[in-house]
Amino acid sequence: MSGPRTVICLLRNDLRLLDNELFYWAQRNAEHIVPLYCFDPRHYAGTYHYSLPKTGPFRLRFLLESIRDLRKTLLNQGSNLIVRRGKPEEVVASLIKQLGSVSTVAFQEEVTSEELNVEKRVKDVCAQLKVKVHTCWGSTLYHRDDLPFHHISRLPDVYTQFRKAVESQSRVRPVLPSPERLKPLPQGLEEGAIPTAEDLEQKEPAADPRSAFPCRGGESQALARLKHYFWDTDAVASYKETRNGLIGVDYSTKFSPWLALGCISPRYIYHQNKQYESERTANQSTYWVIFELLWRDYFRFVAVKYGNKLFQVKGLQDKSVSWRKDMRLFDAWKEGKTGVPFVDANMRELATTGFMSNRGRQNVASFLTKDLGLDWRMGAEWFESLLVDHDVCSNYGNWLYSAGIGNDPRENRKFNMIKQGLDYDSNGDYVRLWVPELQRITGADVHTPWTLSSAALSHAHVSLGETYPTPIIVAPEWSRHITRKPSGAGPSPRGRKGPSHTPKQHRDRGIDFYFSRSKNL
């Protein structure tokens, strides 16, 4: 090796400068730093079982925005983001040979098989070329080394036990500062063009004014969102009351898309939250933001513990279920044409915007697995393709819960679509927003159009089976809620400041999915 020491920082799901241990370490151990992002062709193939587009249009748009944002940030630091199209192990090998001065390749560790395979190949290349590898852990709130379990095999199989253990026995590490000026790139390195959606064989999705997530990717956007949600609007102080909303941008933090790509770190959110609590107010809502970050941690550590069981049809319990693979039913579900308006509204929102509320995700997952009995991996792969905030551990972990084969001690939790619709969209405004063919059905009747008289349907310009589907299934337990519908009255899902309104009697219901013993959700 000749010349000054050069470190390649291989970036993947850590697209930020603030609280990024890769840059913090490289700044102290190199004379030149090469921030590198590879558009890995394996990310743009089909999903494993059902060959859906692995990186769909919304996630790709958000990724491209995040890459452009990081390049701008690094240019302001006297550096740049080097972009290449190709497999990381091949790109890294090529750069090592080209530069001749690379001492170390550094990257943040991931936990699931595809990412681990890339890490192994990069390590193999580095060993062959006599270059060191430095890895760090930066994706969770609590660092892996600070967990109060001597080995990951001791990770509790119940979230509450995990949460109580880390809250009482572990600490969140401080945020690592951004360097004032990053060490420069070596001479003569082409920056590389950031590809377009078309280059990666995707279409640029159209913006929709109804979207609950009209935000852009990138660290600067993530920091601006936190400032808005915490300091500008104080929305965080009512998060627990609004988080089950359906309409609008501010019913929940919306941090998840930026967290998924590492545009913001969970530690930064945590310490900002603590600062907010000391300077403004500390209540159940501010705590609940941390509670949700801990769920994200938990799913990641569960993935470490269980490995590929996360993706296997029998799940973490190794439990055989006779899942159906009816593509007609699956198409109806993913296109929002099941004839069950609350399901259809959520699925159309996802297909149109790449986003869906937490409440919606729980319901449509329950509908696919429990009402339709379809292979849960169909749903997981559809979410993987479309969700702008797809996080492999959280997505597959949540689908295992829905399917009743996760590490949850309770089984057969099934959501009642009609009750859920009436609880969280009591006046039907959300359904009418996303299912315009039902716009003329007033009030809560919009949740069950098949129960209306032919005169009422005719008056609303609805013809079941023609303008809107007849339901592909009607579960027997729905009937007891159909007879108790409110008649058009009730709170709108739009609250005072725009976020969806959660009826008072349901404000503490958001985590029922995980904790309630009630089978009547």
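Residues numbered from 1 in each chain as written. Predicted model: local features only at pLDDT ≥ 70, side-chain atom pairs only at ≥ 80, totals over all residues. Heavy atoms only, no water.

**Student:** Honestly, the confidence of the model for the protein chain in this entry has me stumped. Any pointers?
**Tutor:** Any region with low pLDDT has predicted coordinates that should not be read closely. Put simply, the protein chain has an average pLDDT of 92, and 91% of its residues get 70 or more. Taken as a whole, residues 488-519 scores under 50 in pLDDT and shows 92 contacts with residues more than four places along the chain or in a different chain. (pLDDT = per-residue confidence, 0-100. Contact = heavy atoms within 4.5 Å.)

**Student:** I tried to follow the domain arrangement of the protein chain on my own but got confused; where do I start?
**Tutor:** One frequently used descriptor of interface size is the decrease in accessible area upon assembly of the parts. The domain architecture assigned to the protein chain consists of domain 1 (6-138), domain 2 (139-173 + 218-306) and domain 3 (327-483). Distance from the C-alpha centre of domain 2 to the C-alpha centre of domain 3: 27 Å. Across the boundary between the two partners, domain 2 contributes 18 residues, which contact 21 residues of domain 3. With both chains or domains summed, domain 2 and domain 3 bury close to 1,700 Å², and 63% of this area falls on carbon and sulfur atoms. It is Asn 244, Leu 246 and Phe 299 in domain 2 that bury the most area against domain 3; as a group they hold 40% of the surface buried on that side. The tally of links from domain 2 across to domain 3 stands at two salt bridges. Counting across the domain 2 and domain 3 interface gives four residue pairs in polar contact (both at pLDDT 80 or more). Counting only elements with at least two residues in the side of domain 2 that touches domain 3, the list comes to α8 (256-261) and α10 (284-306). (Domains from an automatic or database assignment. Buried area = accessible area lost by both parts, 1.4 Å probe. Salt bridge = Lys/Arg side-chain N within 4 Å of Asp/Glu carboxyl O. Polar contact = N/O pair within 3.5 Å; in protein donor to acceptor, adjacent residues only side chain to side chain. Helix = DSSP H or I, 4+ residues; strand = E, 2+ residues; numbered from the N terminus.)

**Student:** Please explain the pattern of salt bridges as it appears in this structure.
**Tutor:** Oppositely charged side chains can pair when the atoms bearing their charge come close. Under the criterion given, the structure shown has 33 salt bridges. Between Arg 144 and Glu 109 there is a salt bridge whose closest N-O contact spans 3.1 Å. Residue Arg 144 is located in the loop between β5 (132-136) and α5 (159-169), and its partner Glu 109 is located in the loop between β4 (102-108) and α4 (113-128); the two are separated by 35 residues in the primary sequence. Given a relative accessible area of 18%, Glu 109 falls into the buried group. (Buried < 20%, exposed > 50% of the residue type's maximum accessible area, 1.4 Å probe, protein only.)

**Student:** What is the right way to read the sheet that holds strand β2 (residues 32-39) from this model?
**Tutor:** For sheets, the rule is that strands pair by backbone hydrogen bonds, running either parallel or antiparallel. If you walk across this open sheet you meet the five strands as β3-β2-β1-β4-β5, and the pairing is parallel. Every interior strand has two partners, whereas the edge strands, β3 (82-85) and β5, have only one. Across this sheet, the average inter-strand angle for adjacent strands is 25°, counted without regard to direction. Bridge count between β4 and β5: five bridges; the pairing is parallel. By the bridge assignment for β5, Ala 106 is matched with His 134. Each of β1 (6-11), β2, β4 and β5 touches helix α1 (residues 21-29); the most contacted strand, β1, lies at about 175° to it. (Pairing = 2+ DSSP bridges. Axes fitted to C-alpha atoms, helices over the stretch in contact; angles between N-to-C directions.)

**Student:** Can you help me understand the packing of helix α14 (residues 376-386) against helix α15 (residues 392-403) in this one?
**Tutor:** In a packed pair of helices, the relevant descriptors are the angle between the two axes and the axis-to-axis distance. One way to put it is that α14 packs onto α15 with a least axis distance of 10 Å and a crossing angle of 150°. The angle between the axes of α14 and α15 places the two elements in the roughly antiparallel class. The crossing of α14 and α15 is right-handed. Along its contact with α14, which presents Trp 376, Gly 379, Ala 380, Glu 381, Phe 383 and Glu 384, the element α15 presents Asn 395, Tyr 396, Trp 399, Leu 400 and Ala 403. (Parallel < 35°, antiparallel > 145°, perpendicular 65-115°, else oblique. Left-handed = near helix turned anticlockwise from the far one by under 90°.)

**Student:** Explanation requested: the packing of helix α12 (residues 341-353) against α14 in the structure shown.
**Tutor:** Put simply, α12 and α14 touch, their axes get as near as 9 Å, and they point 40° apart. Viewed along their axes, α12 and α14 adopt a mutual orientation that is oblique. On α14, the residues that touch Met 347, Leu 350 and Ala 351 of α12 are Trp 382, Phe 383 and Leu 386. For the contact of α12 with α14, the per-class residue count stands at six nonpolar, no polar and no charged. (Nonpolar A, V, L, I, M, F, W, Y, C, P; charged D, E, K, R; others polar.)

**Student:** Is there a simple way to think about the pairing of β3 in this case?
**Tutor:** Along a regular strand, successive side chains alternate from one face of the sheet to the other. Bridging between β2 and β3 involves four bridges; their strand directions are parallel. Pairing of Phe 39 across the sheet is with Arg 85, part of β3. Between the parallel elements β2 and β3, the chain passes through helix α2 (residues 57-76) in a crossover that is right-handed. (Right-handed = clockwise from strand over helix to strand, strands pointing away.)

**Student:** Help me out: how do you make sense of the layout of surface pockets in this one?
**Tutor:** By volume, the largest pocket amounts to about 930 Å³. Along its surface, the largest pocket is lined by 48 residues, and Lys 54, Glu 114, Glu 115, Glu 384 and Val 392 are the ones closest to its centre. Of all the secondary structure elements, the ones that give two or more residues to the lining of the largest pocket are β1, β2, α2, α4, α8, α10, α14 and α15. The residue makeup of the lining of the largest pocket, split by class, is 19 nonpolar, 14 polar and 15 charged. (1 Å grid on protein atoms, 1.4 Å probe; cavity = no way out; pocket = protein on both sides within 12 Å on 5 of 7 lines; lining within 4 Å. Points joined across faces, edges and corners; volume = space filled by probe spheres on them.)

**Student:** How should I be thinking about the UniProt feature "site: Electron transfer via tryptophanyl radical" (unreviewed entry) in the protein chain in this particular structure?
**Tutor:** UniProt annotation of "site: Electron transfer via tryptophanyl radical" (unreviewed entry) refers to Trp 323, Trp 376 and Trp 399 when read in the numbering used here. Separation in sequence by 77 residues is not matched in space for these annotated residues, since their most distant C-alpha atoms are only 13.6 Å apart. Structurally, Trp 323 is set in the loop between α10 and α11 (327-335). Once you skip the residues sitting within four places of it in the chain, Trp 323 turns out to touch Val 313, Thr 369, Gly 373, Leu 374, Asp 375, Trp 376 and Ala 403. Within the secondary structure, Trp 399 is located in helix α15. Of the residues examined, Trp 399 reaches a relative accessible area of 1% and is grouped as buried. Leaving out residues up to four positions away in the same chain, Trp 399 has contacts with Trp 333, Ala 365, Leu 368, Thr 369, Trp 376, Gly 379, Ala 380 and Phe 383. (UniProt positions renumbered as here; feature names shortened; annotations may be inferred.)

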